Amino acid sequence: MAGLSTASPKNGIDGRKKPNLLITGTPGTGKTTTASALAEAAQLRHINIGDLVKEKNLHNGWDEQFECYIINEDLVCDELEDMMEEGGNIVDHHGCDFFPERWFDRVVVLQTENSLLYDRLATRGYTGSKLSNNIECEIFQVLLEEAKESYQEEIVVALRSDSIDDLNNNVSTLSDWLRSWNMS
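Conventions and cut-offs
- Residues numbered from 1 in each chain as written.
- Predicted model: local features only at pLDDT ≥ 70, side-chain atom pairs only at ≥ 80, totals over all residues.
- Heavy atoms only, no water.
- Axes fitted to C-alpha atoms, helices over the stretch in contact; angles between N-to-C directions.
- Helix = DSSP H or I, 4+ residues; strand = E, 2+ residues; numbered from the N terminus.
- Parallel < 35°, antiparallel > 145°, perpendicular 65-115°, else oblique.
- Left-handed = near helix turned anticlockwise from the far one by under 90°.
- Contact = heavy atoms within 4.5 Å.
- Nonpolar A, V, L, I, M, F, W, Y, C, P; charged D, E, K, R; others polar.
- 1 Å grid on protein atoms, 1.4 Å probe; cavity = no way out; pocket = protein on both sides within 12 Å on 5 of 7 lines; lining within 4 Å.
- Points joined across faces, edges and corners; volume = space filled by probe spheres on them.
- Buried < 20%, exposed > 50% of the residue type's maximum accessible area, 1.4 Å probe, protein only.
- Polar contact = N/O pair within 3.5 Å; in protein donor to acceptor, adjacent residues only side chain to side chain.

## Describing the packing of helix H1 (residues 31-42) against helix H7 (residues 164-183)
- Axis separation between H1 and H7 bottoms out at 10 Å; the angle between their running directions is 45 degrees. Regarding the angle of H1 to H7, the classification is oblique. As for how H1 packs across H7, the hand of that crossing is right-handed. Taken together, the residues of H7 that come into contact with H1 (itself represented by Thr33, Thr34, Ala37, Leu38, Ala41 and Ala42) are Leu167, Val171, Leu174, Ser175 and Leu178.
- Considered class by class, the residues forming the contact of H1 with H7 number eight nonpolar, three polar and no charged.

And the structure:
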């Protein structure tokens with residue numbers, strides 16, 4: 001697991017006064033819960049991409065097999081551009097490879113133990129290929145690899161997200177990182 005000390009905070013990237021974070025991970029790892037808690041603690045804007053896609057109709061229809069919207073990545077990026085340039089955002093999404101690299105100062109990949117993740121997804125009603133594909137994604141650390149391939153490795157950090165204690169520790173650790181970013 002990567003630590004948060006691997007990269008020094010960079011105040012003022014692209015003229016921003018506040019950093020942007022991406023919180024990513026397999027569905028069920030706690031992205032929305034973590035992003036909401038961190039946004040509240042740090043007084044930053046939480047942007048849930050799934051909600052944004054639904055609210056603004058930023059999709060190309062419904063995928064019957066995976067029971068989700070087919071995101072139009074160009075429309076999503078166009079919608080977010082001004083907010084991201086301004087800074088102060090926590091973006092929450094299960095994918096990360098289509099966002100411009102320049103948008104983020106920290107990319108957090110939440111990871112959950114497989115049996116816990118299975119239970120969380122089953123509770124959400126995931127079945128069949130939707131359930132098995134997401135579990136395989138976590139087993140093979142697909143999103144961590146995607147993040148490392150899409151962003152400078154020193155800004156990518158993997159955090160455990162198995163319990164409420166992990167959630168609280170992650171929010172605390174990321175809040176500390178945000179404070180140090182603001183002081184540099």
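And the narrative resumes.
## Description of empty space enclosed by the protein
- Here the structure, examined in full by the defined rule, presents one cavity of 30 Å³ or more.
- In this structure, the largest cavity encloses a volume near 50 Å³.
- Contributing to the lining of the largest cavity are Thr26, Val109, Leu110, Gln111, Cys137, Glu138, Gln141, Val142, Leu143 and Leu144.
- Those elements that place two or more of their residues in the lining of the largest cavity are strand E6 (106-111), helix H5 (128-139) and helix H6 (142-150).
- Partitioned by chemical class, the residues of the lining of the largest cavity number six nonpolar, three polar and one charged.

## A word on the layout of surface pockets
- For the largest pocket, the calculated volume is near 1200 Å³.
- As for the largest pocket, its lining consists of 37 residues, and the residues nearest its centre are Pro27, Cys68, His93, His94 and Tyr126.
- For the lining of the largest pocket, the elements supplying multiple residues, two or more each, are H1, helix H2 (49-56), strand E3 (59-63), strand E4 (68-71), H5 and H6.

## Considering the side chain of Asn48
- Structurally, the position occupied by Asn48 is in strand E2 (residues 45-48).
- What makes Asn48 buried here is its relative accessible area of 16%.
- Side chain to side chain, Asn48 and Thr32 meet in a polar contact 3.2 Å long.
- With residues near it in sequence (within four places) discarded, Asn48 still touches Thr32 and Asp92.

## Details of unusual backbone geometry
- One non-glycine residue, Gln43, adopts positive backbone phi at about 55 degrees.
- Tracing the backbone through its elements, the reader meets Gln43 in the loop between H1 and E2.
- Judged by relative accessible area, Gln43 falls into the exposed class, the value being 60%.
- Although it is not a glycine, Gln141 sits at a positive phi angle of roughly 55 degrees.
- Relative to the elements of secondary structure, Gln141 occurs in the loop between H5 and H6.

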